[in-house]
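Residues per chain are reported as follows:
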Amino acid sequence: MQPQTNQQDTRRLALDQWVQTSLGEPVRGEVASADASFRRYFRYYRPDGSSLIAMDAPPEHENSAPFVAVAGRLAAAGVAVPQIIATDLTQGFLLLSDLGRETWLHVFDEHNADALFGRALKVLLDIQNADVSGLPDYDEALLRRELALFPDWYLDRHLAGRLGHSARAELGRLLVQVDQQLVRAALDQAQVFVHRDYMPRNLMEGPFSPGVLDFQDAVRGPVSYDAVSLFRDAFISWPEARVSGWLGDYWAMARERGLPVPDSRDRFLRDCDLMGAQRHLKIMGIFARITHRDGKPRYVTDTPRFAAYLDTVAARYEELAPLRRVLTILTEEGVHG
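As recorded in an unreviewed UniProt entry, the protein chain goes by the name Aminoglycoside phosphotransferase family protein, listed as coming from Isoalcanivorax beigongshangi.

Colleague: For this particular structure, what's the right way to read the pattern of salt bridges?
Modeller: Any two side chains of opposite charge can pair, so long as their charged atoms come close to each other. For the structure on display, the rule yields 30 salt bridges. A salt bridge links Glu 332 to Arg 325, with the shortest nitrogen-to-oxygen separation between them at 3.7 Å. Judged by its relative accessible area of 29%, Arg 325 is partly exposed. Through salt bridges that share partners, Arg 232, Glu 240, Asp 273 and Arg 316 make up one connected network.

Colleague: Which parts of the structure should I look at to understand the packing of helix α5 (residues 165-187) against helix α8 (residues 265-292)?
Modeller: What describes two packed helices is the angle between their axes and the distance between those same axes. Two numbers describe how α5 lies on α8: the axes approach to 9 Å, and their chain directions differ by 125°. By the angle between their directions, the pair α5 and α8 is classed as oblique. Judged by the sense of rotation from one axis to the other, the crossing of α5 with α8 is left-handed. Across the interface between the two elements, Val 178, Leu 182, Ala 185 and Ala 186 from α5 touch Leu 274, Met 275, Ala 277, Gln 278 and Leu 281 from α8. Partitioning the contact of α5 with α8 into residue classes produces eight nonpolar, one polar and no charged.

Colleague: How should the side chain of Gln 128 be read in this particular structure?
Modeller: As for its position among the elements, Gln 128 is in helix α3 (residues 113-128). For Gln 128, the side chain forms a polar contact with the main-chain oxygen of Val 223, separated by 3.1 Å. In contact with Gln 128, not counting residues within four places along its chain, are Val 192, Phe 193, Val 223, Tyr 250 and Leu 259.

Colleague: Explain the sheet that holds strand β9 (residues 211-212) to me, please; I cannot follow it from the model alone.
Modeller: Two pairing modes exist for strands in a sheet, parallel and antiparallel, and in both the strands are linked by backbone hydrogen bonds. Within the open sheet, the three strands sit side by side as β6-β8-β9. Their pairing is antiparallel. The two strands at the open ends of the sheet, each matched to only one other strand, are β6 (102-103) and β9. In terms of strand pairing, strand β8 (residues 203-205) meets β9 through two bridges, oriented antiparallel. Residue pairing for β9: Leu 203 is matched across the bridge by Val 212.

Colleague: How do you make sense of unusual backbone geometry when you look at a structure like this?
Modeller: Outside of glycine, negative phi angles account for most residues, and trans bonds account for most peptide bonds. Of note, the bond from Ser 209 into Pro 210 is cis; its omega dihedral lies within 30 degrees of zero at 0°. Mapped onto the elements, Pro 210 comes out in the loop between β8 and β9. The backbone phi angle of Arg 196 is positive, close to 90°, even though this residue is not glycine. Mapping Arg 196 onto the fold places it in the loop between β7 (191-194) and β8.

Colleague: Explain the layout of surface pockets to me, please; I cannot follow it from the model alone.
Modeller: Here the idea is plain: a probe the size of a water molecule rolls over the atoms and shows the empty space left. What the largest pocket holds in volume is close to 1,100 Å³. Lining the largest pocket are 41 residues, and of these Arg 39, Gln 216, Asp 217, Ile 286 and Arg 289 lie nearest its centre. It is α8 that provides the largest number of residues to the lining of the largest pocket, a total of seven residues. If you add up the space inside the second largest pocket, you get close to 550 Å³. Taken together, 25 residues line the second largest pocket, and the ones lying closest to its centre are Ser 33, Tyr 41, Thr 103, Met 204 and Leu 213. Sorting the residues of the lining of the second largest pocket by element identifies β1 (28-34), β2 (40-45), β3 (51-56), β5 (93-97) and β6 as the ones contributing at least two each. Of the residues forming the lining of the second largest pocket, the biggest block, three residues, is contributed by β1. Among the residues making up the lining of the second largest pocket, the classes are represented as 12 nonpolar, six polar and seven charged.

About the criteria used
- Residues numbered from 1 in each chain as written.
- Predicted model: local features only at pLDDT ≥ 70, side-chain atom pairs only at ≥ 80, totals over all residues.
- Heavy atoms only, no water.
- Salt bridge = Lys/Arg side-chain N within 4 Å of Asp/Glu carboxyl O.
- Buried < 20%, exposed > 50% of the residue type's maximum accessible area, 1.4 Å probe, protein only.
- Axes fitted to C-alpha atoms, helices over the stretch in contact; angles between N-to-C directions.
- Helix = DSSP H or I, 4+ residues; strand = E, 2+ residues; numbered from the N terminus.
- Parallel < 35°, antiparallel > 145°, perpendicular 65-115°, else oblique.
- Left-handed = near helix turned anticlockwise from the far one by under 90°.
- Contact = heavy atoms within 4.5 Å.
- Nonpolar A, V, L, I, M, F, W, Y, C, P; charged D, E, K, R; others polar.
- Polar contact = N/O pair within 3.5 Å; in protein donor to acceptor, adjacent residues only side chain to side chain.
- Pairing = 2+ DSSP bridges.
- 1 Å grid on protein atoms, 1.4 Å probe; cavity = no way out; pocket = protein on both sides within 12 Å on 5 of 7 lines; lining within 4 Å.
- Points joined across faces, edges and corners; volume = space filled by probe spheres on them.

What follows is the structure in structure tokens.
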């Protein structure tokens, strides 16, 4: 559950005092943004008119130490991430440089997409070349925990009472096969530094455009993961022909930089498709969870986007017949998308 309003207000007062003490000067704060987690962000203005961002991450819900550690790795790789000005991990407070007010989700359009994605791909190559020593592995256990979010939260909680008993039983059998295919495909890929949520909503338009945010869950994982996250986004969709072209651009750039992508462009596109299927099943589960557990229902309205991605990918590969059957059952039950 989310903290109660009065608890949030108490934290805001404590954050105001901490920022002012850290800077040694009066500041004026305002809400900057919130995300799908328990983190909140506030923009503070200094007397000279410059601004900083404070992160409020309640320590009982969020561990901010990985954010600090990963920020250092990415900065060392030449990636524009927030500078850490001050920290109080006991309270869950971070004071950061301000990378801008607009995310690329609100900057993109069909005319500037090629140029913006070109810049995003150059940054992605820097991210993938960052130091991975000591990062958690995107291993089989983590992949399976993520895939379990789909049946546990989307099917059993979000669609509770809307699926017939026989349909739910068949879905359970099919998802065992789907999970085996997608986990095997992910583990077979070369492993690099993975941001794990590299998408326009986490890229900032500003002095270092793009500034990169929300990297605290970074792992050592499949080379296709961040590329497919960028183009098959949770909040914005592009025509498949453009997506294939952009992924091909990434593949060529990655080969030039010596990153361990497959020798075959078609093999890489297949890796992206299967990796994207794992991610979209996971996100459907996550968005159902934050709807029913955290009281944030706006995210689940994007479920049709993920269903469309899965429909497209499942139709391409005979080996994904179990996934096609899952989607068919959800359509027959009147709940797909």
